[in-house]
Amino acid sequence: MTGHAEKSAAFAANEDRAHWHDQSLWFVRSKRDRQASGIPEWEALREAASAIKTHTLSRLADYLEEFERNAIANGIQVHWARDAAEHNAIVHQILASHGVTHLVKSKSMLTEECHLNPYLEARGIEVTDTDLGERIVQLRKEPPSHIVMPAIHLKREEIGELFHIELGTEKGASDPKYLTEAARGHLRGKFMGAQAGLTGVNFAVAETGGIVVCTNEGNADMGASLPRLHIACMGIEKLIPRAAHLSVFLRLLARSGTGQPITGYTSHFNGPVRGGEMHVVIVDNGRSRILGQEAFRRSLGCIRCGACMNTCPVYRRSGGYSYGYTVPGPIGSILAPQRDPQKYASLPFASSLCGSCTDVCPVKIDLHHQLLAFRKVLVDLKAVPLQKRLCMAVMGFVLSRPSLYRMGGGLMRAIVPRLPRSLVYGPWNPWGIQREIPLMPPQSFRDLIRKEPS
Ligand code: SF4
């Protein structure tokens with residue numbers, strides 16, 4: 001099972017879960033709408049964010065160097081990693097040189113992308129994810145299914161069962177407050193015993209050489225402040241030029257992602273804690289290749305708010321794991337095939353192209369246009385299955401000939417509803433179930449093909 005369609009079918013087979021997943025994400029999307037409509041200048045903010053990102057990407061090398069200069073002046077040690085292997089090796093080398101055996105980590109999709117946890121664990125370092133959702137999926141030995149709500153695919157009863165086994169909570173307990181308290185006690189011990197903390201980076205400010213991390217649980221602050229060693233890992237696209245630009249992005253980020261006015265904690269790290277060390281690892285890992293592609297460059301402006309996932313009718317009904325990539329949903333369906341077009345060829349087709357993702361994106365990435373453009377790239381690369389290419393060729397032939405199109409439509413309406421149902425809507429066509437073509441009143445075939453399409 002490799003393609004998105006096959007994995008989606010497995011998720012959708014549990015109708016109850018698929019429905020509840022859909023409703024949960026739509027609830028978040030609705031909260032986002034209420035927040036957005038409460039800000040009269042919302043569209044101006046999106047325009048500003050888009051313009052800042054476009055400008056930054058056009059001078060990325062300059063801003064990266066400015067950030068490095070200012071970070072070093074602040075006492076931060078800056079490292080550059082070409083790819084995931086270099087990133088993991090750098091982090092390990094820093095930890096090993098300090099004799100670290102236990103690391104606490106706040107949410108970082110970059111470290112998921114680089115598979116840092118298994119890399120460090122194979123070298124004898126215990127890694128504890130401290131974001132509650134991430135800790136839940138870590139205990140289940142699963143990756144996150146959503147970039148902002150990593151355990152959104154799980155019901156509280158399942159989490160209660162997990163905590164009973166892993167943390168010794170009461171059997172059958174599923175009260176969120178009780179479970180959160182249990183997780184807090186468990187994580188408190190991990191924080192106190194850690195020799196180093198690793199965080200992601202939401203924004204890196206070139207002008208100040210500092211980084212900004214947004215969380216709702218304060219876990220990044222604990223991880224960066226209790227141990228003496230703080231490592232922050234960021235992709236090269238996380239930069240913004242000036243501190244003043246933060247006001248634009250911070251107003252958009254939480255409102256778009258979870259429908260909150262602002263994240264619970266917006267923490268600025270401008271240097272090491274007293275007597276400690278702070279390292280920033282700046283990672284490329286294929287991003288400069290995306291920067292070189294004009295059609296897809298804007299995807300680097302993503303601030304990982306998750307709004308495009310929450311609104312996407314395909315993501316909501318197919319779940320994050322159906323994408324098979326660290327970042328799922330519409331933005332993941334653009335980023336993943338740029339990394340490996342053959343492996344992720346099905347993802348740009350995992351979209352209805354309704355444009356809802358583009359409408360909610362706080363940095364105005366033209367997501368559905370990019371998804372459509374990527375389909376063409378994949379067809380040119382012959383990364384699309386032969387069966388699909390043949391279907392598209394036949395469709396192209398028919399759709400470019402109106403009389404043939406009308407005749408085909410007439411035939412379908414005249415014949416298909418009269419065929420045995422098991423023949424038309426069999427297991428080979430699960431998509432067709434509940435989408436039956438209505439039985440037409442008797443009409444002459446000549447009338448049907450003569451009728452102009454409305
Ligand atoms: S593409 Fe836009 S909507 Fe999707 S996660 Fe990134 S910033 Fe948010």
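This one's a predicted model, so the numbers in the text were calculated from it and none came from an experiment.

Procedures and definitions
- Residues numbered from 1 in each chain as written.
- Predicted model: local features only at pLDDT ≥ 70, side-chain atom pairs only at ≥ 80, totals over all residues.
- Heavy atoms only, no water.
- Core = buried A, V, L, I, M, F, W, Y, C linked by side-chain atoms within 4.5 Å.
- Buried < 20%, exposed > 50% of the residue type's maximum accessible area, 1.4 Å probe, protein only.
- Domains from an automatic or database assignment.
- Contact = heavy atoms within 4.5 Å.
- Phe/Tyr/Trp six-rings, centres within 6.5 Å; stacked < 30°, edge-to-face > 60°.
- Helix = DSSP H or I, 4+ residues; strand = E, 2+ residues; numbered from the N terminus.
- Salt bridge = Lys/Arg side-chain N within 4 Å of Asp/Glu carboxyl O.

Caption draft 1: Quick look at the nonpolar core. Membership of the largest hydrophobic core comes to 79 residues, with the highest contact counts inside it found for F67, F203, I211 and V280. Residues lining this core come from more than one domain, with at least three contributed by each of domain 1 (4–11 + 289–380) and domain 2 (39–285). Excluding anything up to four places from it in sequence, V280 contacts F67, I76, Q77, V78, H79, I211, A232 and M234.

Caption draft 2: View of the domain arrangement of the protein chain. For the protein chain, the assigned domains are domain 1 (4–11 + 289–380), domain 2 (39–285) and domain 3 (386–449). When each unit is reduced to the centre of its C-alpha atoms, the spacing between domain 2 and domain 3 is 51 Å.

Caption draft 3: Local environment of the packing of aromatic side chains. Overall, the coordinates contain 4 aromatic pairs when judged by the stated rule. Summarising the aromatic geometry, the rings of Y325 and Y344 are spaced 5.2 Å apart at their centres and angled 70° between planes, so their arrangement reads as edge-to-face. One end of the pair, Y325, is in the loop between α15 (313–318) and α16 (329–339); the other, Y344, is in the loop between α16 and α17 (356–360), and 19 residues separate them in sequence. For Y325, a relative accessible area of 12% gives the class buried. Since its relative accessible area comes to 10%, Y344 is described here as buried.

Caption draft 4: A look at the pattern of salt bridges. A full pass over the atoms with the stated rule returns 25 salt bridges. R140 is the partner of E142 in a salt bridge, and the nearest nitrogen-oxygen pair spans 3.0 Å. Residue E142 is classed as partly exposed on the basis of its relative accessible area of 23%. Here R140 falls in the partly exposed class, since its relative accessible area comes to 29%. Residue R298 is joined to D366 by a salt bridge in which the shortest nitrogen-to-oxygen separation is 4.0 Å. Of the two residues, R298 sits in the loop between α13 (287–291) and α14 (307–311) while D366 sits in the loop between α17 and α18 (367–380), which places them 68 residues apart along the sequence. Each of the salt bridges in this network shares a partner with another, and the network as a whole consists of E113, E237, R287, R304 and R339.

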